[in-house]
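# Fold and geometry: a report
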Amino acid sequence: MNLSSLTREYGSVNAPVMMKQQTLKRRANLLYRLRKHGITADTKQRVIFIPYGESPWKFPQVGRLSREFYFNIQFIIT
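Residues numbered from 1 in each chain as written. Predicted model: local features only at pLDDT ≥ 70, side-chain atom pairs only at ≥ 80, totals over all residues. Heavy atoms only, no water.

## Notes on the overall build of the protein chain
Note the threshold: The way it works is that DSSP assigns letters per residue, a run of H or I at least four long becomes a helix, a run of E at least two long becomes a strand, and they are numbered from the N terminus. Under the scheme applied here, a residue whose accessible area is under 20% of the maximum for its type counts as buried, over 50% as exposed, and between as partly exposed, the area being computed with a 1.4 Å probe on protein chains only. Only heavy atoms enter the contact rule, under which two residues are in contact if any of them lie within 4.5 Å. The Shrake-Rupley method, run with a 1.4 Å probe sphere, supplies the accessible areas, and residue values consider only the shown protein chains as cover.
Within the protein chain, the secondary structure is distributed over 3 helices and 3 strands. Helices and strands appear in the protein chain in the N-to-C order α-α-β-β-α-β. Residues classed as buried in the protein chain amount to 26% of the 78 residues present. For the protein chain, the share of sequence-separated contacts (at least 6 apart) that also reach a separation of at least 24 residues comes to 48%. Summed over all atoms, the accessible surface of the protein chain reaches about 5,900 Å², with 55% contributed by carbon and sulfur.

The structure is reproduced here in structure tokens:
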């Protein structure tokens, strides 16, 4: 990809960088909202820890993180 094709496709050269920043901010926001509910997550291993017996789909952030950012769900015994 050269400069003219990037400009034509995204409107500016900095658009791909901004798209990456937006996805990182979206992931951080989803994790923040999930942690407000008391759910823990390990971002390096991409695992969401949910207490056993709770439905993970009760939280919409779990579905979005697993679908968009390939997080796994791990049930823990509390």
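Still to come is the rest of the account.
## So, unusual backbone geometry
Phi at Arg46 is positive, roughly 55°, even though this residue is not glycine. Tracing the chain through its elements places Arg46 in the loop between β1 (40–42) and β2 (47–51). A relative accessible area of 37% places Arg46 in the partly exposed class. One non-glycine residue with positive phi stands out, namely Tyr70, at about 60°. With respect to the element layout, Tyr70 can be found in the loop between α3 (60–69) and β3 (72–76).

## Quick look at the sheet that holds β1
Where we set the bar: In this scheme, strands are said to pair when DSSP sees at least two bridges between them. Working convention: axes come from line fits to C-alpha atoms, limited for helices to the stretch in contact. Angles between N-to-C directions cover 0 to 180 degrees.
With mixed pairing, 3 strands are arranged side by side in an open sheet as β1-β2-β3. Looking along the sheet, the strands with just one partner apiece sit at the ends: β1 and β3. Each adjacent strand pair in this sheet contributes to an overall mean axis angle of 30°, direction not counted. With 5 bridges connecting them, β2 and β3 associate as parallel partners. Each residue of the ladder has a partner; that of Ile50, found in β3, is Phe75.

## Digging into α3
Among all positions of α3, only Gln61, Val62, Gly63, Leu65 and Phe69 are buried. Just beyond α3, the residue with positive phi is Tyr70, at close to 60°.

## Concerning the pattern of salt bridges
Two side chains that carry opposite charge are able to pair once their charged atoms sit near each other. Here is the rule: We define a salt bridge as a contact between a side-chain nitrogen of Lys or Arg and a carboxyl oxygen of Asp or Glu at a distance within 4 Å.
Tallying each qualifying case throughout the model produces 2 salt bridges. A salt bridge links Arg26 to Glu68; the nearest nitrogen and oxygen atoms lie 2.9 Å apart. Pair noted here: Arg26 is in helix α2 (residues 15–36) and Glu68 is in helix α3, with a separation of 42 residues, a long-range link. The class for Glu68 is partly exposed, based on a relative accessible area of 35%.

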